[in-house]
Amino acid sequence: MVATSQPLAAQAGLRMLLSGGNAVDAALAAAIALVVVEPTGNGLGSDAFAILWDGERLHGLNASGRSPAGWNPERFPNGMVERGWESVTVPGAVSAWVDLSTRFGKLPFEALFAPAIDYAENGYSVSPVIANLWARAERMLGRQPGFAEAFLPNGRAPRAGEIFACKPMADSLRAIAESRGEAFYRGELAEKIAAFARAHGAALTEDDLAAHENDWCGTVSASYGDVALHEIPPNGQGIAACMALGMLAHHDIGRLAPDSVEALHLQIEATKLALADVEAYVADPAAMVDVAAADLLAPDYLAARAKLVDPARAQDRGAGAPKAGGTVYLTAADESGMMISYIQSNYAGFGSGVVVPGTGISLQNRGFGFVTTPGHPNRVGPRKRPFHTIIPGFVMRGGRPEMSFGVMGGPMQAQGHLQMTLRTQVWGQDPQQAADAPRWRVVAGMEVAIEETVGTAVLEGLAALGHAITVEEPDTSFGFGGAQLIRRIEGGYAAGSDPRKDGQAVGY
């Protein structure tokens, strides 16, 4: 089974399974294809994370890049920059492909690139949701260095159904495939990235790219009964989902109906508390010297935080969330029982907006995840990982793999993980029901965005408890993200893919 946010990528993954590959091969072929067919959410200059069940145990991979050695707080006197070269950190996605393939893949590394190279060289039909996001990017990023040349053929964004090709991207993919990633970090592509950075006064250098390395970091987790939600440890926000689930274990939320006012209220209040802590403490783990991940997940601490949730009224816990972003998520599972949860992203749509000429390499803007506040663990500095929004999720039940899943969409991700876990594991919904169900999102303070399909009575009930409700329609905002899920069932797998994006799940 393969579930992705774009049908052509799902088909690329399925091709690997039909060729004798395993779940990792399928996931990587899909991820590489997504660089081409969903450039609004990711690119060759993305970061990536993965959680993998290899048939015996769980692994976690942090392939997020670090800031240039030349970055320090003084470089950003007016705060962090959202777009352009001053938001670019070292990309990690290419290194994720290499490490996952080397350790767990079955097929030759080059074979994983064949669908993506074909899409980039010969073109593909742009799907509707991606076309809409592309048009928005045209207005915002058209003047960023290299963007128009790569992504605005004929001076505009391609429309739904039009054919888009990017031969320079195909050449870059081919170079990465043939060199097993060396071209990107120490070869011709690295030289082009660094030269373009120098031409624009940016700090990123060849040495920064060559120094990049990934971490096999394991996972952090929290339990609700015999269900354990696993997330990648900081520098990401996944720990917020674990914290909220740990708090809700003290409120017996399973006795409530999933879309009731009472159940939604408890989830929202626990999420506020978790996000407030994440905003204050989560950073590159090397900088979390005062409060570590283990402290945030300590049972006594979560029990104390759970007592702050008032079932009868909403409270302002000062929760804040990063801005919305562009991300792709995918998951794959094979006949051996291997399951992989994988996510990669440029952060905001098309990332920094910077595209290296002649390469199709669009660079992320993860530097915007830093802060400049003195004393904060996430304060910008040299060779440091910023706070990250993208997170793959994985559920274990009774010590066995149960579900690989993810939800895209900036600050929606940890909140979406909590909602997917509760819907599938506590309330018994199947993956597609969970993906289709209405979602909510803590915005800041008392403000909560929610999809109108939850119904008028629920909206009025939440408002009566003190929540400041904003209703958003799924087709006008990507604020609720998109979800993909694969769950083990007797004799195989069941999958769900989100109608909020052009998602598809395929299997055989």
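The model shown is predicted, which means the values in this text are computed figures rather than measured ones. (Residues numbered from 1 in each chain as written. Predicted model: local features only at pLDDT ≥ 70, side-chain atom pairs only at ≥ 80, totals over all residues. Heavy atoms only, no water.)

1. With respect to the nonpolar core
Here is step 1 of the chain: Among the nonpolar cores identified, the biggest contains 90 residues, and Leu44, Trp85, Trp97, Phe113, Leu173, Ile340 and Tyr342 are the most heavily contacted of them.
Here is step 2 of the chain: Ranked by the residues each element gives to this core, the list is headed by helix 2 (residues 23–37), at 14 residues.
Here is step 3 of the chain: In this structure Trp85 touches Trp71, Ile193, Phe196, Ala197, His200, Ala202, Leu204, Val354 and Leu363, once residues within four positions along its chain are discounted.
Here is step 4 of the chain: Of all hydrophobic cores here, the second largest spans 60 residues; its members include Ile253, Leu275, Ala293 and Met403. (Core = buried A, V, L, I, M, F, W, Y, C linked by side-chain atoms within 4.5 Å. Buried < 20%, exposed > 50% of the residue type's maximum accessible area, 1.4 Å probe, protein only. Helix = DSSP H or I, 4+ residues; strand = E, 2+ residues; numbered from the N terminus. Contact = heavy atoms within 4.5 Å.)

2. Observations regarding helix 11 (residues 238–248)
Here is step 1 of the chain: Within helix 11, 11 of the 11 residues are buried, leaving the element largely enclosed by the surrounding structure.
Here is step 2 of the chain: Considered for burial, the residues of helix 11 that qualify are Gly238, Ile239, Ala240, Ala241, Cys242, Met243, Ala244, Leu245, Gly246, Met247 and Leu248.
Here is step 3 of the chain: Against strand 7 (220–224), strand 8 (227–231), helix 12 (261–281), helix 13 (293–296), helix 14 (299–306) and helix 15 (412–426) lie the buried residues of helix 11.

3. Here's the deal with the side chain of Ser46
Here is step 1 of the chain: With respect to the helices and strands, the residue Ser46 is situated in the loop between helix 2 and strand 2 (47–53).
Here is step 2 of the chain: With residues up to four places along the chain from it excluded, the contact list for Ser46 reads Pro91, Gly92, Ala93, Gln344, Ser345, Asn346 and Gln364.

4. Some points on the sheet that holds strand 15 (residues 440–444)
Here is step 1 of the chain: Within the open sheet, the 3 strands sit side by side as 15-16-17. Their pairing is mixed. Both edges of this open sheet fall to strand 15 and strand 17 (468–472), since each of them pairs with a single strand only. Strand-to-strand twist in this sheet, taken as the mean axis angle between neighbours without regard to direction, amounts to 30°.
Here is step 2 of the chain: With 4 bridges joining them, strand 15 and strand 16 (residues 447–451) adopt antiparallel strand pairing. Residue Trp440 lies in a different strand from strand 16, and its bridge partner there is Ile450.
Here is step 3 of the chain: Across the sheet, helix 12 lies against strand 15 and strand 16, angled at about 40° from strand 15, the strand it touches most.
Here is step 4 of the chain: Across the sheet, helix 17 (residues 456–464) is in contact with strand 16 and strand 17; its angle to strand 17 comes to roughly 155°. (Pairing = 2+ DSSP bridges. Axes fitted to C-alpha atoms, helices over the stretch in contact; angles between N-to-C directions.)

5. Regarding the pairing of strand 19 (residues 492–497)
Strand residues, when the strand is regular, have side chains that alternate between the two faces of the sheet.
Here is step 1 of the chain: Where strand 18 (residues 483–489) meets strand 19, 6 bridges bridge the pair, whose relative direction is antiparallel. The residue of strand 19 that forms the bridge with Arg488 is Tyr493.

6. Examining the packing of helix 11 against helix 14
Here is step 1 of the chain: Interaxial distance between helix 11 and helix 14 falls to 8 Å at its minimum, and their mutual angle equals 70°. Looking at the two axes, helix 11 sits roughly perpendicular to helix 14. Handedness of the crossing formed by helix 11 with helix 14: right-handed. Seen from helix 11, the contacting residues are Met243, Gly246 and Met247; seen from helix 14, they are Tyr301, Leu302, Arg305 and Ala306.
Here is step 2 of the chain: Residue composition of the contact of helix 11 with helix 14, by class: 5 nonpolar, 1 polar and 1 charged. (Parallel < 35°, antiparallel > 145°, perpendicular 65-115°, else oblique. Left-handed = near helix turned anticlockwise from the far one by under 90°. Nonpolar A, V, L, I, M, F, W, Y, C, P; charged D, E, K, R; others polar.)

7. Examining the packing of helix 11 against helix 15
Here is step 1 of the chain: Packing of helix 11 against helix 15 leaves a shortest axis separation of 8 Å and a crossing angle of 45°. Between helix 11 and helix 15, the crossing angle belongs to the class labelled oblique. Viewed along their axes, helix 11 and helix 15 form a crossing whose handedness is right-handed. Here Ala240, Ala241, Ala244, Leu245 and Leu248 of helix 11 lie close against helix 15, whose contacting residues are Ala414, His417, Leu418, Thr421 and Leu422.
Here is step 2 of the chain: Classifying every residue of the contact of helix 11 with helix 15 gives 8 nonpolar, 2 polar and no charged.

Such coordinate-based values are descriptive only and should not be taken to indicate function.
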